[in-house]
Amino acid sequence: MAALRTGQPDDPTVSTVGIRVNDEMSELTVDNRTSLLDALREHLGLTGAKKGCDHGQCGACTVLIDGRRANSCLQLAVMVDGQDVTTIEGLGAAEDLHPVQRAFLDRDAYQCGYCTPGQICSAVGAIAEAGAGWPSAVTPADSLGIEGTAGLDASEVRERMSGNLCRCAAYVNIVPAVLDAAREVSA
Amino acid sequence: MKAFSYSRPDSVRDAVAGVAADREAKFLAGGTNLVDLMRLGVERPDALIDVRHLLGHDIEPTADGGLLVGSGVANSDLAVDPRVRQAYPVLSQALLSGASGQLRNAATVGGNLLQRTRCVYFQDVTKPCNKRQPGSGCPAREGSHRDLGILGTSEACIATHPSDMAVALAAVDATVHLTGPGGERTVRLEQLYRLPGDDPSRDTTLEHAELITAVQLPPPSALYRSSRYRKVRDRASFAFAVGSIAAAMVIDDGLVREVRIAFGAVAPRPWRAHTAEDALRGQPADAADFAAAIAAELELAEPLRDNAFKVDLTRRMGAAVLTELAEAQQQGSGR
Ligand SMILES: Cc1cc2nc3c(=O)[nH]c(=O)nc-3n(C[C@H](O)[C@H](O)[C@H](O)COP(=O)(O)OP(=O)(O)OC[C@H]3O[C@@H](n4cnc5c(N)ncnc54)[C@H](O)[C@@H]3O)c2cc1C
Ligand code: FES
Ligand code: FES
């Protein structure tokens, strides 16, 4: 259900958009320049997704759009009108964590935590991609893909998660956390 | 960022007409390059015409057995398509070596072809740049040019085209379908790009308001099946190429029957190495000949102080990839 109304009578640079965020429909009137990330953080109060670079280079802003991971800093809010967005807040609740959230806790896969919401959303997307058999740059060239999440190993996870930088370099724990979660999600 | 209007037209015709009517309007697809450059102040459109929903999202077989890839297909979907992976491995490998998982999901085939250079002067509006601001000068020749071009460059501009996908598409003889105010046309991928000469502001031969609607891959063949992509970069993943090569080759009786070679990150466009290809066709398939043929191509190179290493890099990488392709075929036929 798209609510898109582009341009106000007196101002073509403003639009009203309808975005389903974490299963709830939100209608927002935004300056067309507003990124999805800023819409989430400033308009909807969902501050889980973080702004690390605002240029697609760090992955801290990663959310799921129609189930696929994407950098919310490079999407404009107007572009996602009519789409489904899932943020870290929508993945699980404190009493009912998503398996990837649980695995990050169990493996102590963070230090300051700034990159963590993006890491977790990205891992959810990456596990789904692996589940669909998608190859990565380190998958042997003569195979069409991997055998679902069971085909993930540390080097596959490192490659697939390379769009998420961690300034604290918690990678040594992030990789096993993603592998744990992948096993649990497929089990 | 400059304020702009946003619209989502109902048809390709309306989208093209919308951009045609406004010199300052731009098409918007995945946004991963355009939004970035608008935030930097490099691109300053006053209207964005979103075409993502209008572009083809399918990869369809063509009458001759090739594939027609809609320009709205995500880079990730093209990379993992089993038909692409099998028949044009170089293309799948190039795509998977580019950007990150989340960027590939948003990035489209059309947008990937038209992404702009990553030259640091182009991206910094406080510096002169002939590409961004014609006539302002090019500080890269004297300044930071380690990542910039050695082939096809000009006095005015030494920027490189950053796409990995485009290099692979050049090697598999892809064509690009366009729709513009004047109707439809098809160009070879190589013809899509122009060399800078004294007007680096235009990267391509597209007219204003011409829309890329699809990319066509020729019928599968032993040549394209025997292909691969090699990318050298400053870190193991999620970095633009310092140099790259897309190659395809078939060998018959120890002789090179057919070969395609394209270099990436060394020129303003994917660089089809026609001189090297001509030198190799019909010649013995051995490592010394591979290196010599690529060296012949690189005789045109005009390296600068800090990017001369790209000449050696490209030659070695090229010889290594061709040698691997030759070995893989010898093993394959011995089975
Ligand atoms: C951090 C980072 C790292 C990256 N690393 C790599 C890498 O390693 N290798 C690589 O190859 N790329 C890399 N990229 C670039 C990425 O591949 C491009 O940003 C992406 O492919 C652009 O596609 P898009 O659909 O988002 O285009 P958009 O940003 O929507 O558009 C780009 C340009 O194309 C025009 N356009 C878009 N679609 C059409 C069409 N159908 N017809 C006519 N004009 C059109 C737009 O007007 C705009 O000028 C990286 C990007 C980032 C941010
Ligand atoms: S804030 Fe979006 S990638 Fe860094
Ligand atoms: S935990 Fe601090 S940036 Fe990753």
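Notes on the domain arrangement of chain A
All names here are of chain A.
Argument step 1. When cut into domains, chain A gives domain 1 (5-91) and domain 2 (99-186).
Argument step 2. The straight-line distance from the C-alpha centre of domain 1 to that of domain 2 is 24 Å.
Argument step 3. In this assembly, 16 residues from domain 1 lie in contact with 17 residues from domain 2.
Argument step 4. In this assembly, domain 1 packs against domain 2 so that about 1400 Å² is buried in total across both faces, 59% of it on carbon and sulfur atoms.
Argument step 5. Its largest share of buried area at the contact with domain 2, domain 1 owes to Arg 69, Ile 88 and Leu 91, together 41% of the area lost on that side.
Argument step 6. At the boundary of domain 1 with domain 2, the tally comes to one salt bridge.
Argument step 7. Where the side of domain 1 that touches domain 2 is concerned, the elements lending two or more residues are strand E4 (62-65), strand E5 (68-71) and helix H2 (88-91).

Quick notes on the pairing of strand E10 (residues 243-252) of chain B
Residue and element names in this part refer to chain B.
Argument step 1. The element E10 is extensively covered by neighbouring structure, given that nine of its ten residues are classed as buried.
Argument step 2. Where strand E9 (residues 227-232) meets E10, six bridges bridge the pair, whose relative direction is antiparallel. In the sheet register, Val 232 faces E10, and the bridge partner there is Gly 243.
Argument step 3. In this sheet, strand E11 (residues 255-264) lies alongside E10 in antiparallel orientation, the contact comprising nine bridges.

Some words on the sheet that holds strand E12 (residues 271-272) of chain B
Residue and element names in this part refer to chain B.
Argument step 1. If you walk across this open sheet you meet the four strands as E9-E10-E11-E12, and the pairing is antiparallel. For this open sheet the edge positions go to E9 and E12, each flanked by a neighbour on one side alone.
Argument step 2. The strands touched by helix H5 (residues 89-96) are E9 and E10; relative to E9, the strand with the most contacts, the crossing angle is about 25 degrees.
Argument step 3. Of the strands in this sheet, E10, E11 and E12 touch helix H12 (residues 287-297), which is tilted by about 45 degrees from E11.

Details of the packing of helix H3 (residues 99-107) of chain A against helix H6 (residues 171-186) of chain A
All names here are of chain A.
Argument step 1. Look at H3 against H6: their axes get within 8 Å of each other, and the N-to-C directions meet at 140 degrees. Our classification of the angle between H3 and H6 gives oblique. Crossing of H3 over H6 shows right-handed handedness. Side by side, H3 and H6 meet where Pro 99, Val 100, Ala 103, Phe 104 and Arg 107 of the first sit next to Asn 173, Ile 174, Pro 176, Ala 177, Val 178, Asp 180, Ala 181, Glu 184 and Val 185 of the second.
Argument step 2. For the contact of H3 with H6, the residue count by class is ten nonpolar, one polar and three charged.

Reading the values: the criteria
Here, residues in each chain are numbered from 1, in the same order as that chain's written sequence. The lettering of chains begins at A and the numbering of ligands begins at 1, in the order of writing. Local features are withheld for residues below a pLDDT of 70 in this predicted model, meaning they are given only at 70 or higher, and side-chain atom pairs are given and counted only at 80 or more; totals for whole chains, interfaces and linings count all residues. The side-chain quantities take in all heavy atoms of the structure and omit both hydrogens and water. An automatic or database domain assignment supplies the start and end points of every domain. Two residues form a contact once any of their heavy atoms are found within 4.5 Å. Buried surface area refers to the total accessible area, computed with a probe of radius 1.4 Å, that the two partners give up upon joining, counted for both partners together. The salt bridge definition used is simple: a Lys or Arg side-chain nitrogen within 4 Å of an Asp or Glu carboxyl oxygen. Helix and strand assignments follow DSSP, with helices taken as H or I runs no shorter than four residues and strands as E runs no shorter than two, numbered in order from the N terminus. Each residue is placed in one exposure class: buried if its accessible area under a 1.4 Å probe, protein chains only, is under 20% of its type's maximum, exposed if it is over 50%, and partly exposed if it falls in between. Should DSSP find at least two bridges between two strands, the strands are regarded as paired. Only the stretch in contact is used when fitting a helix axis, every axis being a line fitted to C-alpha atoms; angles between N-to-C directions are given from 0 to 180 degrees. Each angle receives one of four descriptions, namely roughly parallel if under 35 degrees, roughly antiparallel if over 145, roughly perpendicular if within 65 to 115, and oblique otherwise. Two helices cross in a left-handed way if the nearer one is turned anticlockwise from the farther one by less than a right angle. They cross in a right-handed way if the turn is clockwise. Residue polarity follows a fixed list, in which Ala, Val, Leu, Ile, Met, Phe, Trp, Tyr, Cys and Pro are nonpolar, Asp, Glu, Lys and Arg are charged, and the others, Gly among them, are polar.

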